[in-house]
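Observations on chain architecture
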Amino acid sequence: MFRKVLVGLLAVAIGLAIAGAGYRFGQYLAQKDDAAPPAHTTS
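This one's a predicted model, so the numbers in the text were calculated from it and none came from an experiment. (Residues numbered from 1 in each chain as written. Predicted model: local features only at pLDDT ≥ 70, side-chain atom pairs only at ≥ 80, totals over all residues. Heavy atoms only, no water.)

1. Here we look at the overall build of the chain
Helix and strand counts for the chain stand at one helix and zero strands. Taken across its 43 residues, the chain has 0% of its residues classed as buried. As presented, the chain carries roughly 4300 Å² of accessible surface, and 69% of it is formed by carbon and sulfur atoms. (Helix = DSSP H or I, 4+ residues; strand = E, 2+ residues; numbered from the N terminus. Buried < 20%, exposed > 50% of the residue type's maximum accessible area, 1.4 Å probe, protein only. Areas by Shrake-Rupley, 256 points an atom, 1.4 Å probe, with all protein chains shown as cover.)

Here is the structure:
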């Protein structure tokens, strides 16, 4: 049973690491988008 708990905690830690990396990447993209000059759109 201890091994199942350990594997579960490891899976949660990996999931949180992936989510954190995705969040930071999203912040980077938003910052990059704000710094970019406005796109010229035609409609």
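Still more to cover.
2. Remarks on a nonpolar patch on the surface
On the surface, a cluster of nonpolar side chains totalling about 370 Å² of accessible area is made up of Met1, Val5 and Leu9. You can see Val5 is positioned in helix α1 (residues 2–35). (Patch = residues over 30% accessible without salt bridge, like charges linked within 9 Å, V, L, I, M, F, W, Y side chains within 5 Å. Salt bridge = Lys/Arg side-chain N within 4 Å of Asp/Glu carboxyl O.)

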